[in-house]
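Coordinate analysis (summary)
Below are the chains, spelled out letter by letter.
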Amino acid sequence: MALEAGTRLGHYEVVSSLGAGGMGEVYRAKDTKLGREVAIKLLLDEVSKDPDRLARFEREARFLASLNHNNIATLYGFEKEGDTSFLVMELVEGETLAERIKRGTIPVDEALPLFLQIAEGLEAAHEKGVIHRDLKPANIKVSEDGNVKILDFGLAKAMAPPQEPAAPGQSQSPTLTLAATQRGEILGTAAYMAPEQASGKTVDERADIWAFGVCLFEALSGKRAFQGEDAPNTLAAVLRDDPELDSLPADVPSSMKSLLQLCLAKKRRDRLHDIADARLLLQKPGADGLANSLPTTALWRSTPMVAALGVVTVVTLATLAWLVNRPSAPMGPSLHLDVKIAEADGGAVLDAVLSPDGCDLAYVVHRPSADGAPTRELYVRQLDQLEGRLLASGSVFQPFFSPDGDWVAFFTDSELRKVQVSGGAPQTVTAASSWSTGTWTRDGTIVFNARPPGGLVRVSANGGEPELMTELAEGEHTHRSPQLLPGGKALLFTSFTTWQGSSGPSSIEALNLQTRERSVVRANGSHGRYLPTGQLVFRAGEDLFAVAFDLKELTTKGSAVPIQSGVFGPIQSNVLTLHNIENSGYDLSDSGSLVYLSGGAEEQKFPAVWVDLRGDDTPLLSPGLYGSPQLSPDGSRLAVTELRDGNVDIWVYDLERGTETRLTDDSARDDDVAWSPDGETLAFNSERNQRNAIYETRADGSGEIETLIGGAHSVFPSSYSPDGRFLAYGRAKLDVVDEDVWILPLDGQSEPYAFLDTQANESMGMFSPDGRWIAYESDVSGIFQIYVRPFPDGAGRVMISTNGGRYPKWSADGRALFFGTGSHIARVLVKEGNGVLRPGIAEAVLDEGYLLVPILAGEPYPGFDVAGDGRRFVVFPAATDSYGTDHVTLVTNWFEELERLVPTD
């Protein structure tokens, strides 16, 4: 409501209106008791009429009244008169800083004493735990004698609702969150918000330091640091743009520009942590650099500390100085550092990625778990720390940072999730799969590949329904590694025609988002990344290449140059393969750093051996990249899934004659072998011809490969019935993680049918030697256990394992079941009586030291088989030194090195 002159509110008499702001109407008034002029501020109706909020406001106001400093406008009290609630404040004469800036830029010698006082006022408030939250030129008054008073200190928090939602685009600033924002005040506040405030996050003193820097820039330049046509565009500018420090007047000293850089760092951890540091610098304006005037602690906080990277390297202070520079500045030689990952002890590092500013490293550690299924843990580590912080565990794939570096997104088996770098519970964004790769764009959307349909989709980072961006052309299998190019008009991605990763057919393409036209940017390359220095980086095999790139024409210029070798390619570690189609093996920060995984394929191979119950072993196969060993019914031959020459194929080894036969030889993945009862044929899974199906071929390599069953699901053979009439197989839905056990009659007439189809995952259906039972694994209890059901009716189940189990195997006489549990092979003796199977107690028969879950090209496989007598096992010995790489390589100032190798001029 508007108050007329002469209106009385208790013993306060209104003299005139001073204006309206986001927090309410402000009036000049006379305190008739004390005989002084004051300012009174009427609260908004939504505050005055909400009892809970009003009580909270009163408590905050009492606390704010305790502030007593020469540069802070005093809050005298909180009063009520009838239905009207109002604040009584010190009346500050003079013009606001906003009014002064409208008259022209403020010279350095005039700005220094003003902002020194602002810093002193903020420092006094911060020492009492009070944050302004809405600092802007309109809230700073300058009297005729040059004295500064900061207005409305802490009222932003006092005015806010008790549980204000932290949605994107909102903040704790009242100008954005209260109804009065419709009065045209919103743009003024948005321009001074810190990035975390603009993103709706909880703020601390560093939000005031940001606003201090924005106000200082505006005073010196006469223009706002961040501008937009409306509030959303202004907030986008805050999150996206950097202030144009080069536009400052020539007489602005370098120390003041350095102060502005530290105040306006996008990430809080890189910003000045204490306004007292700014005060100290302003008191020494003649210093040429921060090292001479800013406290050492402030520099230490903002510098990635190379000495803490776990390397035995002496790094001089001069080296530290150039490490924090940006690519636009001359920076000298690059530095290659071997970074030890402490959390990888007993596991292996995957998917190391850098935050945009290069200060944080996110990585996945893969390690075995008690039930035989590997777990993946997501860590984030500041590069000035020796250890990382655990953010998520269980099922983590392909992490990537948000543009501001405050969030890490990642994929699970069934979802796209995000988690704050500072910690907290991961949040679900939308449904996805572990095969996905993604990028988080500056407009708040995430682009990733969906399976199905295999093309790229985009979704709001806050959740929602994905929108299709690219569709697969004929012969394509998937689109991956998306990157939105500068300007937002084109999308870069890799098209794969098989699942064999960077060693298989692939090309880097660009999608024009306006015309929807696709063009091939680079054939025979994958995982492309455009850099602000004007090059396209991509991988081919185990090497990174770079070539000049025309962003306007979306074409390369000149020849590609090899720039980094030894990046993880088709490499098999002892528990996992770090080469798979979704893993690029490298990442780049906007600040010019490179991180990559390195290793050698030959060092990671392992043999196959016979091991008996006493632990004695006999060599079978020389070191290779094997999985899913399957002995023929008579035990004379061994079929394995093998990664060789970049392809996953089926090989059969004659153990008596020492010969080998390659049953499949194409670019598709061929795996999941099952022998027919007579040992004459093999069933296997393949994605040949872009169609997932189960095929059958003769074990000697002669004859044609015939299709047994295909369709709209992924299918995997597990075992034939002993009479050869049925094939048990796994059938998985493509859009969700849900595998079931199905039966395929082999009479050529009957339709396949579900033996087990539940909400749980059931797989590895294995017929007993007499064909009366099917053993299988299921996670119905929360972890995988081994169960048995009668065949064909499947009525009732018997639990075989009690402490987790994977990959069941029958002995030839049907009196024992073997399975993997943790790092052991266990055995359970079974007896049948009156149609009931009775299991005994599980006992470990083979100790640890063997690969029970080897992974080839990103897929897990059984790592053992049992001879018919149940006394010998085909296994893969694990190396004794480590499970895989426990380090990453970090290259600082890499853009400078790249520009020398691949100039763009």
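Structure report, in brief. (Residues numbered from 1 in each chain as written. Predicted model: local features only at pLDDT ≥ 70, side-chain atom pairs only at ≥ 80, totals over all residues. Heavy atoms only, no water.)

**Quick look at the overall build of the chain**
A tally of helices and strands in the chain yields 15 helices and 60 strands. Sorting the 905 residues of the chain into buried and exposed places 58% on the buried side. Excluding contacts between residues fewer than 6 apart, the proportion of contacts in the chain whose partners are at least 24 apart in sequence is 50%. Total accessible area on the chain stands at roughly 36,600 Å², and carbon and sulfur atoms take up 47% of it. (Helix = DSSP H or I, 4+ residues; strand = E, 2+ residues; numbered from the N terminus. Buried < 20%, exposed > 50% of the residue type's maximum accessible area, 1.4 Å probe, protein only. Contact = heavy atoms within 4.5 Å. Areas by Shrake-Rupley, 256 points an atom, 1.4 Å probe, with all protein chains shown as cover.)

**Thoughts on the nonpolar core**
Counting 63 residues, the largest nonpolar core has Phe-115 and Phe-212 as its most contacted members. Non-local contacts of Phe-212, meaning those with residues more than four positions away in its chain, are made with Phe-115, Ile-118, Ala-119, Leu-122, Leu-135, Cys-263, Ile-275, Ala-278 and Leu-282. (Core = buried A, V, L, I, M, F, W, Y, C linked by side-chain atoms within 4.5 Å.)

**Topic: the sheet that holds strand β9 (residues 148-150)**
One open sheet accounts for 3 strands, arranged β7-β8-β9; its pairing is antiparallel. The strands lining the two open edges of the sheet, one partner per strand, are β7 (95-96) and β9. The pairing of β7 with strand β8 (residues 140-142) spans 2 bridges and is classified as antiparallel. Bridge pairing links Thr-96 to Lys-141 in β8. Taken strand by strand, helix α4 (residues 108-127) contacts β8 and β9, and its axis lies near 40° from that of β9. (Pairing = 2+ DSSP bridges. Axes fitted to C-alpha atoms, helices over the stretch in contact; angles between N-to-C directions.)

**As for the pattern of salt bridges**
Enumeration according to the criterion identifies 34 salt bridges in this entry. The partner of Asp-152 in a salt bridge is Lys-41, with the nearest N and O atoms 2.8 Å apart. Residue Asp-152 is located in the loop between β9 and α5 (155-159), and its partner Lys-41 is located in strand β4 (residues 36-42); the two are separated by 111 residues in the primary sequence. Here Asp-152 and Lys-41 have matching classes, each one buried. One salt bridge connects Glu-110 with Arg-100, and the closest N-O pair in it is separated by 3.1 Å. With Glu-110 in helix α4 and Arg-100 in helix α3 (residues 97-102), the pair connects residues that are 10 residues apart, well separated along the chain. Here Glu-110 falls in the partly exposed class, since its relative accessible area comes to 30%. One network of salt bridges, in which partners are shared, links Lys-267, Arg-269, Asp-357 and Asp-360. (Salt bridge = Lys/Arg side-chain N within 4 Å of Asp/Glu carboxyl O.)

**So, the packing of aromatic side chains**
Applying the stated criterion across every chain, the model contains 17 aromatic pairs. Ring geometry for Phe-606 against Phe-876: centres 5.3 Å apart, planes inclined by 50°, an arrangement best described as tilted. Pair noted here: Phe-606 is in strand β33 (residues 606-612) and Phe-876 is in the loop between β59 (872-875) and β60 (887-892), with a separation of 270 residues, a long-range link. Taking the relative accessible area as the measure of exposure, Phe-606 reaches 1% and is therefore buried. (Phe/Tyr/Trp six-rings, centres within 6.5 Å; stacked < 30°, edge-to-face > 60°.)

**Digging into the packing of helix α11 (residues 254-263) against helix α12 (residues 275-282)**
It is the contact of α11 with α12, at a shortest axis distance of 10 Å, that shows an interaxial angle of 170°. In terms of their interaxial angle, α11 and α12 are classed as roughly antiparallel. From α11, Ser-255, Met-256 and Leu-259 reach across to α12, where they touch Ala-278, Leu-281 and Leu-282. Residue composition of the contact of α11 with α12, by class: 5 nonpolar, 1 polar and no charged. (Parallel < 35°, antiparallel > 145°, perpendicular 65-115°, else oblique. Nonpolar A, V, L, I, M, F, W, Y, C, P; charged D, E, K, R; others polar.)

**Section: helix α15 (residues 894-901)**
Of the residues making up α15, those classed as buried are Trp-894, Phe-895, Glu-897 and Leu-898. Down the axis of α15, the buried set is contained in an arc of 160°. They therefore lie on one face. (Arc of directions from axis to C-beta.)

**Remarks on the packing of α4 against α12**
Running from N to C, α4 and α12 cross one another at 155°; their axes reach a closest spacing of 9 Å. With respect to α12, the element α4 is oriented roughly antiparallel. As for the relative orientation of α4 and α12, their crossing is left-handed in sense. Counted together, Leu-112, Phe-115, Leu-116, Ala-119, Glu-120, Leu-122, Glu-123 and His-126 of α4 and Ile-275, Ala-276, Arg-279 and Leu-282 of α12 form the full contact between these two elements. Considering only residue class, the contact of α4 with α12 consists of 8 nonpolar, 1 polar and 3 charged. (Left-handed = near helix turned anticlockwise from the far one by under 90°.)

**Structural notes on unusual backbone geometry**
Following Phe-791, the chain continues into Pro-792 via a peptide bond in cis, with omega recorded as 20°. Within the secondary structure, Pro-792 is located in the loop between β49 (785-790) and β50 (798-799). Backbone geometry at His-527 places phi at a positive 50°, although glycine is not the residue there. Of note, His-527 is situated in strand β27 (residues 526-530).

**Looking at the environment of Phe-716**
With respect to the helices, strands and loops of the structure, Phe-716 is situated in strand β43 (residues 714-720). Leave out the neighbours within four places in its chain, and Phe-716 touches Asp-672, Asn-685, Ile-694, Tyr-729, Gly-730, Ala-732 and Glu-739.

**Regarding α12**
Burial within α12 is extensive, with 7 of its 8 residues counted as buried. Regarding α12, the residues found buried are Ile-275, Ala-276, Asp-277, Ala-278, Arg-279, Leu-281 and Leu-282. Sitting at the amino-terminal end of α12 is Asp-274, which places a side-chain oxygen 2.9 Å from the backbone nitrogen of Ala-276. (Polar contact = N/O pair within 3.5 Å; in protein donor to acceptor, adjacent residues only side chain to side chain.)

**Focus on the side chain of His-126**
Locating His-126 in the fold gives a position in helix α4. Engagement of the side chain of His-126 in a polar contact is seen with the side chain of Asp-208, the distance being 2.8 Å. Apart from residues lying up to four places away in sequence, His-126 is in contact with Ile-131, Glu-205, Asp-208 and Ile-275.

**Looking at the sheet that holds strand β20 (residues 445-449)**
Here we have 4 strands laid out as an open sheet, ordered β19-β20-β21-β22, and antiparallel in their pairing. Taken across any chain shown, the strands that pair with only one partner, and hence form the sheet edges, are β19 (438-440) and β22 (467-468). Here 5 bridges tie β20 to strand β21 (residues 456-460), and the two strands are oriented antiparallel to one another. Bridged to Phe-448 within β21 is Val-457.

**Notes on the pairing of strand β45 (residues 739-745)**
Extensive coverage of β45 is indicated by the burial of 6 of its 7 residues. Sheet topology note: the strand β44 (residues 726-732)/β45 ladder contains 7 bridges and is antiparallel. Across the sheet, residue Leu-727 finds its bridge partner in β45, namely Leu-744. Judged from the 3 bridges that link them, β45 and strand β46 (residues 753-756) form a sheet pairing that is antiparallel. Across the sheet, the residue bridging to Trp-742 is Ala-754, located in β46.

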